[in-house]
Structures are given as C-alpha cells and as structure tokens.
Amino acid sequence: MKIGILEFGAIEGHSGAEILENVLEYAQIADAAGFSRFWLTEHHPLSLAWNSPEMLIPTLACYTDRIKIGIAGTLSAVHSPYRVACDFKLLGTLFPGRIDLGFANGKPSLIAAGYLLNRSGVTDEIYKTFNDNVRLTCDFLKGKTQSIAPIHGDLPEMWLLGASYNQLPFAREMGMGFSRSLFHTSDPAGKNADLLFSHMELFEAQHKVPPPLNLAFAGICDTDSQRAEKRFYDTYKTAYDPLSNFIVGSPAYFSDRLEALYEETSIEEFIFKDLDTDNSKRLETLSTLSNLISDRIPTLKSHD
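To keep things clear, this report deals only with the structure shown in the data block. Within each chain, residues carry numbers counting from 1 in the order of the written sequence. This being a predicted model, a pLDDT of at least 70 is required before a residue's local features are given, and a value of 80 or more before pairs of side-chain atoms are given or counted; all residues contribute to the totals for chains, interfaces and linings. The side-chain numbers reported here are obtained from all heavy atoms of the structure, hydrogens and water having been left aside.

Helix numbering and strand numbering both begin at the N terminus, where a helix is a DSSP run of H or I of at least 4 residues and a strand a DSSP run of E of at least 2. Within the secondary structure layout, Phe232 lies in helix 8 (residues 225-236). Phe232 sits 11 residues away from Cys221 along the chain, and the two C-alpha atoms are 9.7 Å apart. Residues within four places of Phe232 in sequence aside, it is in contact with Ile220, Lys237, Thr238, Ala239, Tyr240, Val248 and Leu275. In what follows, residue pairs with any heavy atoms lying within 4.5 Å of each other are defined as contacts.

Axis angle and axis distance: for two packed helices, these are the angle between their axes and the distance between the axes, and together they describe the pair. Relative orientation of the contacting elements helix 1 (residues 16-32) and helix 10 (residues 279-289) amounts to 10°, with a least axis distance of 10 Å. Taken as axis vectors, helix 1 and helix 10 run roughly parallel relative to one another. Packed against helix 1, whose contacting residues are Asn22, Glu25, Tyr26, Ile29 and Ala30, the element helix 10 presents Asn279, Arg282, Leu283 and Leu286 at the interface. The axes are straight lines fitted to the C-alpha atoms, using for helices just the contacting stretch, and the angles between their N-to-C directions are given from 0 to 180°. Angles below 35 degrees are treated as roughly parallel, those above 145 as roughly antiparallel, those between 65 and 115 as roughly perpendicular, and all remaining angles as oblique.

Right, let's get into the pattern of salt bridges. One side chain can pair with another of opposite charge once the charged atoms of both are near each other. Salt bridges are counted wherever a side-chain nitrogen of Lys or Arg sits within 4 Å of a carboxyl oxygen of Asp or Glu. Overall, the coordinates contain 14 salt bridges when judged by the stated rule. In this structure, Lys68 engages Glu157 in a salt bridge whose closest nitrogen and oxygen atoms are separated by 2.8 Å. Taken together, the residues span a long stretch of sequence, with Lys68 in strand 3 (residues 68-75) and Glu157 in strand 5 (residues 157-162) at a distance of 89 residues. Here Arg227 makes a salt bridge to Asp222, at a shortest N to O gap of 2.9 Å. Only protein chains enter the accessibility calculation, which uses a 1.4 Å probe; a residue is then buried when its area is under 20% of its type maximum, exposed when over 50%, and partly exposed in between. Take Arg227: its relative accessible area is 43%, and that puts it in the partly exposed class. Bridged by salt links that share partners, the residues Arg37, Lys68, Asp100, Glu157 and Glu269 form one connected network.

Below, the discussion takes up the packing of aromatic side chains. Think of it this way: a Phe, Tyr or Trp ring, Trp meaning its six-membered ring, pairs with another when their centres are within 6.5 Å, and the plane angle makes it stacked under 30 degrees, edge-to-face over 60, tilted otherwise. Taken as a whole, this structure holds 10 aromatic pairs when the rule is applied. Seen from their ring centres, Phe232 and Tyr240 are 5.8 Å apart, and the 70° between their planes marks the pair as edge-to-face. For the pair formed by Phe232 and Tyr240, the shared burial category is buried. Linked through ring pairs, Phe232, Tyr236, Tyr240 and Phe246 together constitute an aromatic cluster. Any Lys NZ or Arg CZ that is within 6 Å of a ring centre and within 35 degrees of that ring's normal is treated as a charge sitting over the ring. Residue placement shows Lys273 over the ring face of Phe8; its charged tip is 4.6 Å from the ring centre. A cation sits over an aromatic face here: Arg282 above Tyr26, 4.1 Å from the ring centre.

Here we come to unusual backbone geometry. Residue Ala72 is joined to Gly73 through a cis peptide bond whose omega torsion reads -10°. Assignment of secondary structure puts Gly73 in strand 3. Positive phi, normally seen in glycine, also occurs at Asn118, with a value near 55°. Notably, Asn192 is not glycine yet its phi reads approximately 60°, a positive angle. With respect to the helices, strands and loops of the structure, Asn192 is situated in the loop between strand 6 (177-181) and helix 7 (193-207). For Asn192, a relative accessible area of 40% puts it in the partly exposed group.

This is the structure:
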C-alpha cells in the first residue's frame, strides 16, 4: 500500500513563518517514513499559509530525499499555461523524477481570479477555459507548441484532479494520472466503478502503461479510535459518521477502510489529508500510519 500526503497549510501556529517551518518538518518526516508523495494545494483565502504553493516546492524537494513533491493542483483556469509549463519544466529538471504537477478545476473568487490574470471585469466564463489551458500547458511541456527551457529537461509527472470518474476520459486523452478526491463528495469510491475499470483497460491499450491512479481522503488517526473520534468532534462539533468518506479511528480501522477502498477500485495508492491542525499530533499520525505502508499489494481481482 502506498500513502501520500495532501497539505493545505491549515496548521496551528503563531505566524506564517512558524506554519511553514512546521510544513517543512512534516514533509521531512513523511519522506523518512516512506510516504509516496507530498502535495500542496492552491487556495486563495488569507487564512492559509500560502497562495502560491509552487514557490515552496523547491525548498521541500531540497530538504527531502525521495518523496515526490508537487501541487494538487494548480488552478489552471486562472493561470498562464506558458508560465506553469516553464516553472514545472525547470522544477522537473532540477529534481528529476520527483516533481508532480496536478491540475485542479477550482474556482477562486472572481476578485482573486482578476488579480491572478491581471485584468478587470473577469466573469465566471473564465472557468470554462480549464480544459483548454491544461491542454496548452501539456503542449508547452512536450514542445508541441513551442520549445521551452531547459532544453531536453525533465518533465513533471502530471495528474488531473477530480471528485468523480467523469473526468477520466480527459485524463486518458492527456495521458496523465487521475486523483479522485473522496472528501469533496459523499459518493462512495465504488460508484460508477465500471468507468474506472474501463479507463484502466483503455488507458493501457492507448499509452502502453497502466494508468497512474490514487484516491485522496481525509481523516484523523489515533492509536485509540475513541480519541480519534473525540478529536474529530472537538474540531468539527459533530459526531463522526462511519458511513461517510472520512476515515477517523485507529490504525487497524484505517487499514480496514483502505483495504475496502482497494477492493472496490483496485487503486493501490492513497493520498491522506490530516484533519487535525495540531502539528505534534500530525507528526504522531505520520509515525502511526507509516506502519501501513508496504510495497506488497494483494493480487488484483478480475473485473470481467
């Protein structure tokens, strides 16, 4: 089982600098513990520790050894495809095989979108440019539109992010991985799984490699399930619902839930967003979850 980390920067701290130091420590411990990826999100409220996560990627990559570092994802509708491609080709070349570029169809406020695009009068029509901007970013990276430096540089691993399997045809068209978020929806991972299994076959037939896939989930892990549920209640003022897509409980409970997700989807990698905001507890969770990481995956079941 592979587990990666999704980081929003929503950590308790006295200053932005302290939060960033905590994130660096978090990434270093995740790297040492064998986690597969460390992904940073892009959001634009002032309450989070950053608005431009790509600026953190080289620092995190420099202070870690193996873990893949990336953005999940860049809000492509409100960014220049040329600039995104230039930034991530340079990062990919500096840290070959370790940089991930995720594309998210998130919708910041129109005010934030105007700032990002340096234009006034922005309307929600701008959000319809997502697919075209992703295509153009990929074309720049692959030299189809124009060659960009570094010449002969390494490319990032590219991922499309989404809350359902409806985006799989676009991921297949672009030849990129797909990460499905379970905490943005109440739909179970196995809903419309026929689309997923069909994608696995079609992607491999078209690109001659299996499709990169993972499931992103959120939760709280504690050595004691009751403590984990209390931490969830203290944070959200509502009782944990075990039928939800959140996973809150002991390592054994996490293992059972992740195994069930694997049985539903045959997806072997999971990306974890810790709902706790206390840094020391988050670090304890990394140590606890690291025991679930293994290169051994059960034999894939048939979906004939």
